[in-house]
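Coordinates in review
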Amino acid sequence: MHRLLLAGFCVGGLVAAETRFGAELRKEREALGGCTEIKKLLGCGETLFTGKPFHIAVGSLAPGNGFGSGLAVVGHWTTDNWRNSWNADAVATPNGSWRAGAYLKLVWSKQPGISVDNTGAANATGAATASLQERPVLHFYSEATSLNRVAYFGLGPATRDTARSFFGLREIVTGGSAVFPLKFTRRLNAALLGEANSRAVEIRASTGQPSPSIERLYTPATAPGLAQQPAFAQFGEGVRIRPSAGNLRFNYLVNSQQYVAPGNSVYSFQRFTVDLGNQFALYKTTRTLQALAHNGPDDCTADPADTDHKCPEVKFPRAGSRNLEGSIGVRLLIEESIVPGGHVVPFYFQPTLGGSDIGGNHMLGSYQDYRFRAPNLLLFRANFEHSVWGPFGAMFVVDEGKVALRRGDIDFSHLVHSYSAGLTLRAGGFPMVQLLFSWGGHEGMHTTGALNTSLLGGAARPAL
């Protein structure tokens, strides 16, 4: 992997004079030059995994496909009114799965005017706090993912764990999204969201696994979309509000998506999502840990107005320090599919509960990955997280949820449950590491370990 990173430096050196890209490349080489000194090893590790313009890309692909590693490159340029950046990366796992993508961020960065009161002091709405306000963001991307092992147990809440099969999947997502803050709702911190994507999916057999390949157990009647996978145009519109009141912080999203297959395809449908996240911070120093819209997935710049594009530093406690972090969270997630008469939702676009889903989201952790799958989903979560030492923390999670074949069955009856406890690592800009042991439910226990696919503070990748 070090050779791969050095190769990136060599290629960059050939094409970059002392431009911004060339200057960042020179600084990164200088930073890595002192890695033989023990006292600089931590800083070298940060540079290797979060540095600019090149760094080692790491992250867990979808559950069952292993830990991926590769190379990422990040670039920036700035105009009078825009802070722009681009990312590109590619990773592969030992089982032959891979992901590669390119991402472009355009952030409106013009500072609001500074108002002055009668004492001559700058008003709190001036430049000193401008960088903390959400800004208009345009995001363009193209990402391809190939997975060799994804589990399928059938559809609905009544499936059995013995009905497991596996399939392979390749999906190419190309498109863009936008965040447009509403200034007149400053206290609500509200923003309009929009997206437009093309999605090309290919399902294939998955052989050599501990369970049969999907086509041996299921048909297009029991796995809609198994026989053919048309291309989709997918659109989305939503509203997000992130207000705070004292130690209470809210992250609410209401979103609608349309999946349109060509012609008179029976696979077109709509999805409606309500995601209500609530966090009570136990200390004023507790971070929100939300993805930052102004970054790409390989960029952890803390402040969009920072021309040096610095990532947060890894901080370890000093003797006598009481700089603690902790929070209690409650979340309600509802996803419902609106399906015209005679249409069906392809099984590979249906949400799942159990272990982790295809995006690596941990839900009902005591069950196998992808355990329950259906067009409609409900999840209620309560969690507690607290720092233990420096970037290391402990987490406890209670999940209650269900999937349903019909929208009318989404209610709070007959929920399945799961409990999880474990450790987290949130170090500087390094991707979050999570190791959780889960129990409860009716199917035993499950241990989940994951390394986030984006840097801490980086934006989320396009959803599969």
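Let me sum up the structure you'll find in this document. (Residues numbered from 1 in each chain as written. Predicted model: local features only at pLDDT ≥ 70, side-chain atom pairs only at ≥ 80, totals over all residues. Heavy atoms only, no water.)

**A short note on the state of the cysteines**
Note: disulfide means a covalent bond formed between the sulfur atoms of two cysteine side chains. Tallied over the full model, the rule gives one disulfide. In this model C300 forms its disulfide with C311; the gap between the sulfur atoms is 1.9 Å. Between C300 and C311, the S-S torsion sits near 85 degrees, and that sign places the bridge as right-handed. Highlighted residues: C300 in the loop between β11 (269-281) and β12 (326-338) and C311 in the loop between β11 and β12, separated in sequence by 11 residues. The class for C300 is buried, based on a relative accessible area of 1%. (Disulfide = S-S within 2.5 Å. Helix = DSSP H or I, 4+ residues; strand = E, 2+ residues; numbered from the N terminus. Buried < 20%, exposed > 50% of the residue type's maximum accessible area, 1.4 Å probe, protein only.)

**Quick look at empty space enclosed by the protein**
Using the criterion set out here, one finds one cavity of 30 Å³ or more in the structure. The volume enclosed by the largest cavity comes to roughly 50 Å³. A57, V58, D298, T453 and L455 are the residues nearest the centre of the largest cavity, which is lined by 13 residues in total. Per element, the largest residue contribution to the lining of the largest cavity is four residues, and it comes from strand β1 (residues 54-60). Taken together, the residues of the lining of the largest cavity break down into six nonpolar, three polar and four charged. (1 Å grid on protein atoms, 1.4 Å probe; cavity = no way out; pocket = protein on both sides within 12 Å on 5 of 7 lines; lining within 4 Å. Points joined across faces, edges and corners; volume = space filled by probe spheres on them. Nonpolar A, V, L, I, M, F, W, Y, C, P; charged D, E, K, R; others polar.)

**A word on a nonpolar patch on the surface**
A surface patch of nonpolar side chains, about 790 Å² in accessible area, is lined by L248, F280, L282, I328, F384, F396, F437, W439 and M445. Examined against the element boundaries, L248 turns out to sit in strand β10 (residues 248-260). Among the residues examined, L248 registers a relative accessible area of 37% and is labelled partly exposed. (Patch = residues over 30% accessible without salt bridge, like charges linked within 9 Å, V, L, I, M, F, W, Y side chains within 5 Å. Areas by Shrake-Rupley, 256 points an atom, 1.4 Å probe, with all protein chains shown as cover. Salt bridge = Lys/Arg side-chain N within 4 Å of Asp/Glu carboxyl O.)

**Re the pattern of salt bridges**
Any two side chains of opposite charge can pair if their charged atoms end up close together. In the structure shown here, the tally under the stated rule is 15 salt bridges. Among the salt bridges present, the one from R331 reaches D275, with a minimum N-O distance of 2.8 Å. Of this pair, R331 sits in strand β12 while D275 sits in strand β11, and the two are 56 residues apart along the sequence. Each of D89, R99, E143, D298 and R461 takes part in a single network of salt bridges with overlapping partners.

**Topic: the nonpolar core**
Core analysis: the biggest nonpolar cluster contains 29 residues, and F167, I203, I214, F347, Y348 and F349 have the highest contact counts within it. Counting residues per element, the ones that place at least two in this core are β5 (137-152), β6 (165-181) and β7 (190-205). Looking at this core element by element, the count peaks at four residues for β5. Residues contacting I203, with those up to four places away along its chain left out, are F167, G168, L169, L226, Q229, F347 and Y348. Membership of the second largest hydrophobic core comes to 10 residues, among which are L353, A374, L377 and V403. (Core = buried A, V, L, I, M, F, W, Y, C linked by side-chain atoms within 4.5 Å. Contact = heavy atoms within 4.5 Å.)

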